[in-house]
Every structure is written in structure tokens, then in C-alpha cells.
Amino acid sequence: MEVPAGLTSGKEPAAAALPSVSLPIPVQITVVDALNLRALKSNVLFTLVRVEYNGAVLGDSPKTHVLPDGSAEYDFSTSFECSPDGPNSLDVLVQKPLLLTVLNVVPKEKKKPEKITPLGQAVVDLLPLLQGVRSLKVFAPLYAVPASPSEMLHPEATSGLEVMVSTKELLLSATQFSSGNLLSITLEAAYSVPEAFTTDAQQNYMACLQIPAAGEKELPLLFKNGILKAGGDKEPLPRPKIWPLGPILAPGALNIPDSFIVGGRYEDEDGELTKREDREFRMQAESTKRIVWDTERRCFLDAAAVAVLQKRIAECRYWPVELCRMSMASAGKGKTNKIDKGDEDKQIAFHGVAYVNMAHLLCPGVKQIRGAFRVFNYEESEVFEKTKIQHSIFQDLRSQLSLVKEGLGNSPVSKAAPNKAQKEEKECSVMQYSEAGTFLVMEIKLDRPLVPKRLREELIRRVKELIPPRPALQPRTEGARKVVEDYHKRVTSVAVNILREYHKLFGKQQAMDHETLEEQKRQLNYELNTSGKYFAFKEQLKYSVVKIVREKYLKTTAFETKEQLQAFLSELYVYLVDHMHIALNKFLSGEDVSPAPPSCATMEQLWLFAREAEANKDLKLASLFYKQRIARDQRSIQSWVDYGAFCLLYEDATKAQECFQQAVSLDPQNIQSLLLCGIAAVKLQHYKEAEIFFEDACCLEPSSIIAWTLSAPHPAPEPQPPPCTIFMKTVPFLMKFNAIRFVHKALAHELLLSLQGGPTCAYYLALAWTYMLQEDFPRCEECLCEAIRIDPVNPNVWAQKGHLCYLQKDLVNAKDCYERVISFVEDAVDLHFVYLRLGSIYLEEKEYGRAKQIYLLACDNSASCLTWLGVGIACYRLEEMLEAEDALSEANALNNTNAEVWGYLALICLQGGRQLEAEQCYKYTVKLGLQNEALLREIRAAQHHFGFGDPSL
């Protein structure tokens, strides 16, 4: 029987890292039957099926008659052995399918011999045999063989073969399979290829990369037979991936079942050319000349190979993918091409390399990398520097290929000296890829991630273990507010009792005329007094009034004079009557009265007050403001984390951790709170807890650069143009929450990445900030000098320089720096503190007009008690008393516990002859503990001059 030639594909080098099997294991193949063969050819009568694997024919079935319904029963069995030393090792099984060819048999007639022609082909994937399956039954689609290369067939198969494949024992144990990993690499296409590439049939476009194995030697994956396509329509999406079989009779059978290239947005890829400005170039390149493979190659890596793979990626993140053009051998008949040893070291024409960054596969839960990677001209020194690989992969594969590479090996026919055209082609190929902007699009995919990602449920559970659920905080009413509410209740209760007495006397029908009402009122008063009920009602109100005096007016001691007592009683009477009306209106109308006006200071202003107190090193006051924010709203996450950041810097990490954990308990999915819990845990040396918090943050927000940077113990990102490194993106977050230790770590990594270009201005500015907080002023000054040298027009640098001079009491240079800052068009980040400190310098130098102007700018920018105090002081010194009092009143409304505000109000009242107010203001000045001795002396001198204002005189 004559067998058609060209049905098999050539052998290729092994390319995986599988555990070997100790003894050969037979793989039994049974072709049961075929269905709908007449869809391939209507007049088919007899067929047989040929089974091939890895380029070898395993056998042909007997000739079988095709039934009228188009089916044919073969029941043909054959087998091959899977062994580590034979041609069909586990390495081959994982990436090569079984090839089945249905042949049409035309019986011989008279003088015509029997004729056999290919009808269709199908493939069967043997990968399930490595996944814990000992037998599989599949229906393999049968694709038609075109009568001629130009014939276009329907891409979908309507015929098929029923095939059974089995082994007597497992090729891989459950342990071997679970500890290993399946690696799939799909080379899609090369775009924007050099103009010198032509559709010459003698050219073969190839690519290759190496996969680390458990041993010393790395294993190559070769992609051959790239198809050079001219410009036109883009490649369709989705489109099927194809088997690495090379040309076969039915091209449709090359499609891998249920495996497609789906594409995606450029911005979501993991490679290069993902920026907005690259979009137009890529879209244009995809519709011009390109080389298409669309081929997937697979490797199963055992546990040792997986460990080596992970180790190699950690040591060197870049893997080279080589690209070249090869010429088909053209030797005479019966001769074998040999590579001239003297040609081995010649320069390789059209030899390029792309560098694939594999580091992303070390991120927890990541299983895939897909993207575009630029192709550069192959330079051994550059490849070694980036990948630590010393020689080309094609050097190792040369002896295994039945091809001759341009410039690497020559056929006997071409051993003569190269002609001028060959020399010019070799010279021009040196820079072809870089000039053309060539790039490869490929996908690297694992069955399981190299670094497992904790399940979200597990992280939630572990976080809950660290922060046990706490009962909701009961809102607590402040003392003064509570006693007023009690007074309202007592008034309402007494009113109800009085109304009841009224109804007893006069019934529920109310009189309308004034005279009758007055008579009823007289009788009611008489009844209440004679019965003793009036005294009882008064006693009910007495205790609530006493509490108001103590809690609201803070009166706990006897008055020194009758005048003070009378003044206080008058004030108290007015207050009690007003609130009696409020309570009665609420009771009689049945509606709530308008709530009391809220405090003038907002949550944001309280935060600003706290920062001002920090800047003035009044940590006790700063802590008070932070606590007031929490008391205002105990469910405010930001209030808790802000106070925690303050504690992290000035108090203790344990208290900071409590604050951060309280924030997490309010919202377990708040990324900021989780990261801060991790930072506090690191400071407390609770590293396991820190890891849990960081991993939970990464799980919640996988795209968070800050979370990944903090979670990695030794992050190693690729160098990026400053200031866009992940470390400099993380530093502002760390600075915001006073994580000085982490800032130093991030800056240390940043310094390693910027060895060539040097640190940036932002680097020196952040480092100076840490030294300033640690009061290491000499180092701070060194950093700021470098920052100024790099960016002399950066307002933030000059603001920091001004703060340094201010803290060192160098007010002259501080003033110069601050004046430079406010002269810039761009505002500094901490402009508020620039205004405050510049204004204080002007007051110190008695430049009151300029001080007033600066403080007014500060009020316009972000008003606070201190900004209005500055305006008030400047106006007082300018003898603008009305404006001074207005400014100080604003300051007092924002913060009525500032002793200096009360002190200047006392001076204004003394100047205006307002004795009672002067004494009241002075009393608060002393009670709040004024620390400004000069101001205190000035007040006492004014009291002595005017003869009033001090109750003790």
C-alpha cells in the first residue's frame, strides 16, 4: 500500500522539566469510529485511519467501509511507550498531541492501482494523562485536507473521530502533580518588523527562550515557522492558539481546542508600550507587515524545577527571548549540510532579543504575564548584563535544526566568500530592529501562581483574630450638655404637674378673655402655695439648677463680693428662663426645637489646630485637639488614624496601634487603616501581624502600589525615570502618618535605583523632613542644600529651609526663605505654617503692618485661632482697637482655651474702660495658664495704670 508523504512533522528538542518515570509505560490508543465522513467528501466509500505521534507512524487501521450515514467503525488499537530515555518522554507528552489522519481509499479498477489520499486530520491532547487521569475518551474534530494549498475550507469541523487513550498506571503521582506547575508560553506575533523581511519561501522566522530546569542546564522552547504577513487587516480577536506541530495536511487541526488569544486593552498589559502615547504606534503596527506564530508551547515543571524557576526570577527579573531569520538548507541531493567550524563565531544577521520582565510572577496570586516587549539588536555584552546569560540560545540549538542560519553556518554551496549583496545585508541588519521599532507580543501563563495568595476569607479571619470585635461605642453626652437636658426634663415634668392642677380646678376648657385668665392664675398660685405643692415643684428644679451652675458655669466656690454674686445671678436667671421657654415650647407644641448651634470649629479646623500645636511643640495641646475630634465623632476613621499617627511619632507605638486597630474595626476594608496597623506592628516588632495586615491590604486593592511596596520585604522594581519609582510614590503616604522608619527604608531603596542619575529633589526633601523631625539639623541642612542645587525654584524646598532656620532661631535667614516662598507663583504645600512663622517674625521685629497683612493672608488660606490671634496682636499694636477686638473674638470663637487670646482681650477691655469684662478676661488668662511672661507683665502694668481689671487688687 502506498503511503502519501509529508504527513508527519519533524522532531524537536525536548523542552520541559518533568520528573522521569522509572520504567516504560505503554500508552494505549484506540480509534473507535468516525462520524459524518461524507461531510468531507460525498462519494467516499472506504477509509482507513493512521495514528502518528511525535513524528512516528504508530500504525494504520484496516480498510473500512463507510456506511450510508457517513460513519465508519475502525476499532483499531495501537500504542507507544512513554519512557525517560526514549523519544516519547513526559516532556513530549505535555506539549505534543496525538495526530490522526483519515485516508480515503479508492479501490483499484482494471488497469488503475488502488489510490490513497488524505481526507482529514484530527488531534488529541494527551495532557490529561499527566493530571491524574489514566484513561480518557474524546471526540476529536476532524478537519478537511484541502485539495490544493489555495483552497479555502470552512474553518469549523463537522466530522469527528471517537478516540480512547489509556495507561495501566498513572504517569505522575498525585503528589508529583500537585507540587509541580504547568507553564504555557504563547508567542503571538512580532510587529513593526524590518523592511528587509520578505515572504521568501526559503526563509524561516524563529524565536526561542530558555526555561530553567532542576539541573544546571536550561531547556529551550523553540517557535518555528512564523508567517510573514503583508499589511492589511489586523489579526482577528479572539483567534485560536495553535499546536507546535509545524505544517500538516489539514491546517484546521492545528487549533488547540478551547484555547484562544483574546487580546485586551494596552493599558492592562504587563509589558512595555502601554502608555497613551504608544497607542497610535501599536494600532498602526498591527495592520502593517508582521510575523505571526500564534503558537503555544507547554512545559510541566516538577517541584524542583518550580523552585529553580522562582529562584532565577528573583535573581534576574529579565528573560531573553531571541528572534532571528533562518535560511532553508539548499544542499545537493544525497548530501548533508555541515556547519563550517570557522563560521560558528560569525555575527548573526537579523538576530534580535526582547527582554521579558518576569518579576510580576513573584507577586502573590499572579499566574500570567501578557504584553508587548521591544526587540533590540542582539549584543552579547548587553544580554549578559541584563539576563546573566552568556551566549545565544540558537548556538545550542544549531546542531539540532535542519536549517542553516544566516552568518552562523553556511551550506557547502555558499562556503565561498560572501558577495557584496550579502555583506550589505549583514551590515544593515545590525540596527534593523531598533530602527523599525519591532516588538513581540507574547503570553506566559502558569497553572498555579508561584507565590500563593492568601484567600480573602482567611485574611479576614486572621485580622479579626488580631482585632477582636468590639461593641459599638455608646454616644456619651458631655457634662454641660447633659445637665441642660436634665433641666429641660425637670421643667417639663413640673409643667405637666401644674397643668394637671389647673385641670382639677378649672377643667380642660380654657378661658379666652384676659380677666378670666388672670383670675384663674391668682387662684392657681394660691392653691399651689397653700397646699405646699409650689415648694415641692421648686425642690424638683433645684438640683438641676445646681448642676447647671457647676457644670455649665464651672462655679464651685463662694463669690468674693455681693456684686459678683448679683451679676452672676442675673446672668443665670436669663439663661434659666430662656431654656425654660425652650422646654415648654417643645412640650406644648409637640415638636423638637431647633438644635443648639454647633461649635464654630469644624473637624478639619480641629485637625489644623492640632498640627499647629505640633509645630509649636505643644504636644499636650495637640493631643487634646486630636482627642476632641474623636469625642466629636467616635466613628470617624480619619480622626482615629490622625491621632494614631501623632502617637506613632510623639508618644508610643502601642497607643498608635490601638488607634489604627480601632479604625480597622470601624471599617475592615479600609486600606489606609490596614497599612497603618502593619506599620505600627513593625515598630512593635510584631512582624507576623504586620505581614497579615499588609497582605490583607494587597488582597483588597491589588493595584495599590503603596500596599505592595510596604508588603515586600525586599522589593526590587525595575528602574524607572525619576520621580516615578514605587518608593517615591509610597514616601508621601509614609510622611503623612509619621512613619519615619519606613521613609528611611523607602529612600534607601530609591538611592539604589538612582545610582546612575543620582537622587532627585523629592528624595532629598523627604530625607530632610525625617532629619528635621529627629532634630538632626546638620544633616537636614545638607539635604536641603542638595535639593536647592537640583531644583532652585521649588517652593517646598525653600519652605523647608525656612523652617530649619526658624527652629535654629536664625530668624533673618528664615524670613528670607519665607519671603521667597510666598513670592513664587506656585504655593508651597505647607503654606499655612509659612504664613504663621513669617507673621511671628514680623511681630518680633515690630513690623506690625506687614505682620497684619501676612496673618490676613493666612486667615484667607486656612483660618485658625492662631491666624486671627496674629491679626489681633498686629492691630492692637497698630492701635486699631475695633479691628483687634473683632479678630480676637474670631480667635476666641474658634478656640476659647487660648490664654494669649484672653490676655489681649483683657488689654483691649482695659484700654476701653470696661471693668467687668477686663476682670473676666484676666481671670481666664490666669486660669488657662498664660506662658507669655512679657504679655502677663504688660497686662499687670495696664491694670496698675488704669486701677482695675485684677479682682485680687
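The structure under discussion appears in the preceding block.
Below, the structure is looked at part by part. (Residues numbered from 1 in each chain as written. Predicted model: local features only at pLDDT ≥ 70, side-chain atom pairs only at ≥ 80, totals over all residues. Heavy atoms only, no water.)

Structural notes on the nonpolar core
Now for step 1: Within the largest apolar cluster, 126 residues are counted, with the highest numbers of intra-cluster contacts made by I679 and L734.
Now for step 2: In terms of nonpolar packing, the next biggest core, distinct from the first, is built from 40 residues, I25, V44, L98 and V102 among them. (Core = buried A, V, L, I, M, F, W, Y, C linked by side-chain atoms within 4.5 Å. Buried < 20%, exposed > 50% of the residue type's maximum accessible area, 1.4 Å probe, protein only.)

A closer look at the packing of aromatic side chains
Now for step 1: Applying the stated criterion to the full structure yields 19 aromatic pairs.
Now for step 2: Three or more aromatic residues link up through ring pairs in this structure, and these residues are F197, Y205, F350 and Y433.
Now for step 3: The ring of F742 has K745 lying over it, and the distance from NZ or CZ to the ring centre is 5.7 Å.
Now for step 4: One cation-aromatic arrangement involves K923 over Y924; the distance from NZ or CZ to the ring centre is 5.4 Å. (Phe/Tyr/Trp six-rings, centres within 6.5 Å; stacked < 30°, edge-to-face > 60°. Lys NZ or Arg CZ within 6 Å of the ring centre and 35° of its normal.)

Some words on helix α12 (residues 533–552)
Since the α-helix advances by 3.6 residues per turn, residues separated by three or four positions end up pointing in the same direction.
Now for step 1: Counted at 1.5 Å a residue, the expected span for α12 with its 20 residues is 28 Å, and the 28 Å between its end C-alpha atoms agrees.
Now for step 2: Of all the bends in α12, the greatest, near 25°, is centred on K542.
Now for step 3: The complete set of buried residues in α12 reads F537, S544, I548 and V549. (Helix = DSSP H or I, 4+ residues; strand = E, 2+ residues; numbered from the N terminus. Expected span 1.5 Å × (residues − 1). Bend = angle between axes of the 7 residues up to and from the residue.)

Remarks on a negative patch on the surface
Now for step 1: Taken together, E379, E380, E382 and E385 make up a surface patch of like negative charges.
Now for step 2: With respect to the helices and strands, E380 occurs in helix α5 (residues 380–387).
Now for step 3: The exposure class of E380 is partly exposed, given its relative accessible area of 43%. (Patch = residues over 30% accessible without salt bridge, like charges linked within 9 Å, V, L, I, M, F, W, Y side chains within 5 Å. Areas by Shrake-Rupley, 256 points an atom, 1.4 Å probe, with all protein chains shown as cover. Salt bridge = Lys/Arg side-chain N within 4 Å of Asp/Glu carboxyl O. Lys, Arg positive; Asp, Glu negative; His and termini not counted. Charge placed at Lys NZ, Arg CZ, Asp CG, Glu CD.)

Overview of unusual backbone geometry
Now for step 1: In the segment running from L237 into P238, the intervening peptide bond is cis, with an omega of -10°.
Now for step 2: With respect to the element layout, P238 can be found in the loop between β12 (219–229) and β13 (239–242).
Now for step 3: In this structure, L273 is a non-glycine residue whose phi angle is positive, near 55°.
Now for step 4: Note on L273: relative accessible area 8%, which makes it buried.

Considering the packing of helix α24 (residues 777–790) against helix α25 (residues 795–807)
Now for step 1: At a minimum axis separation of 10 Å, α24 and α25 run at an interaxial angle of 155°. Here α24 is positioned roughly antiparallel relative to α25, judged by the angle of their axes. Along this stretch, α24 crosses α25, giving a crossing that reads as left-handed. Contacts from F777, C780, E781, L784, A787 and I788 of α24 reach α25 at V797, W798, Q800, K801, L804 and L807. (Axes fitted to C-alpha atoms, helices over the stretch in contact; angles between N-to-C directions. Parallel < 35°, antiparallel > 145°, perpendicular 65-115°, else oblique. Left-handed = near helix turned anticlockwise from the far one by under 90°. Contact = heavy atoms within 4.5 Å.)

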